[in-house]
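Below, each chain spelled out in residue letters.
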Amino acid sequence: VQEKARIKEEATKLWASRRYNTKVQPRAFQPGNLIWLVRGEAKKDPRAGKLWPNWEGPFGAVSGLDNGAYKLQELDGKTIPRTWNATHLKFYFS
């Protein structure tokens, strides 16, 4: 009975991961792409209320690292000092 339960559990996990992975859209930015950057709770002005923008930008992608991190620069060419993970970025469409 335990062996059947373990097999069923593994099959359910495999099914769930396949279902989840079909909906995931990986983000790959190329140098020169325009990008929005998520504005964290620490950067929001508490006086502005809930209508304060959640994203800031646009920024330009400079280069990508192997682990999904990207170096960004402002449109005037000034480089942002830290790297940003792709989960905190999205494409900017004008």
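Report on the accompanying structure. Position labels on residues start from 1 in each chain and follow its written sequence. Whole-chain, interface and lining totals are the exception, using all residues; otherwise, since this is a predicted model, local features are given only for residues with pLDDT of at least 70 and side-chain atom pairs are given and counted only at 80 or more. Hydrogens and waters are ignored; side-chain quantities use all the structure's heavy atoms.

## As for the sheet that holds strand β3 (residues 69-73)
The condition that has to hold: Note: two strands are recorded as paired if DSSP finds a minimum of 2 bridges between them. Secondary structure elements follow DSSP: runs of H or I of four or more residues count as helices, runs of E of two or more count as strands, with numbering from the N terminus. Throughout, an axis means a line fitted to C-alpha atoms (over the contacting stretch in the case of helices), and angles, computed between N-to-C directions, take values from 0 to 180 degrees.
Strands sit in the order β4-β3-β2-β1-β5 across an open sheet of 5 strands; the sheet is antiparallel. Strands at the two margins of the open sheet, each flanked by one partner only, are β4 (79-85) and β5 (89-91). Adjacent strand axes in the sheet meet at a mean angle of 45 degrees when their direction is disregarded. Pairing geometry for β3 and β4, over 4 bridges, is antiparallel. Each residue of the ladder has a partner; that of Gln73, found in β4, is Thr79.

## A look at the environment of Gly40
Condition: Whether a residue is buried, partly exposed or exposed follows from its accessible area with a 1.4 Å probe, protein chains only, as a fraction of its type maximum: under 20%, in between, or over 50%, in that order.
Relative to the helices and strands, Gly40 resides in the loop between β1 (34-38) and β2 (55-64). Residue classification places Gly40 among the partly exposed residues on the basis of a relative accessible area of 33%. Sequence spacing of Gly40 and His88 is 48 residues, and the spatial spacing of their C-alpha atoms is 9.4 Å.

## What to know about the side chain of Arg39
Defined as follows: Counted as positive: Lys and Arg. Counted as negative: Asp and Glu, with His and the chain ends omitted from the count. Salt bridges, as used here, are contacts in which a Lys or Arg side-chain nitrogen is within 4 Å of a carboxyl oxygen on Asp or Glu. By definition in these notes, contact holds between two residues if any of their heavy atoms fall within 4.5 Å.
With respect to the helices and strands, the residue Arg39 is situated in the loop between β1 and β2. No salt bridge is formed by the buried Arg39; its nearest oppositely charged neighbour, Glu56, is found at 4.4 Å. When near neighbours in sequence (up to four residues on either side) are disregarded, Arg39 contacts Lys44, Trp52, Pro53, Asn54, Trp55 and Glu56.

## Structural notes on unusual backbone geometry
Backbone torsion omega between Gly57 and Pro58 reads 10 degrees, so that peptide bond is classified as cis. If you trace the backbone, Pro58 turns up in strand β2.

## Some points on the packing of aromatic side chains
As a reminder, the rule being used: Centre distance within 6.5 Å is the pairing criterion for rings of Phe, Tyr and Trp, where only the six-membered ring of Trp is used; planes under 30 degrees apart are then read as stacked, over 60 as edge-to-face, and the remainder as tilted. In this analysis the charged atom, NZ for Lys or CZ for Arg, is taken to sit over a ring once it is within 6 Å of the ring centre and within 35 degrees of the ring normal.
A full pass over the atoms with the stated rule returns 4 aromatic pairs. Look at Phe29 and Tyr70: their rings are 5.2 Å apart centre to centre, the planes differ by 80 degrees, and that puts the pair in the edge-to-face class. You can see Phe29 sitting in the loop between α1 (2-23) and β1 and its partner Tyr70 sitting in strand β3, a full 41 residues away along the chain. Looking at Phe29, the relative accessible area reads 5%, which means it is buried. Among the residues examined, Tyr70 registers a relative accessible area of 8% and is labelled buried. Grouped by ring-pair contacts, the aromatic residues Phe29, Tyr70, Phe91 and Phe93 constitute a single cluster. Directly above the ring of Trp84 sits Arg82, whose terminal nitrogen or CZ lies 3.9 Å from the centroid.

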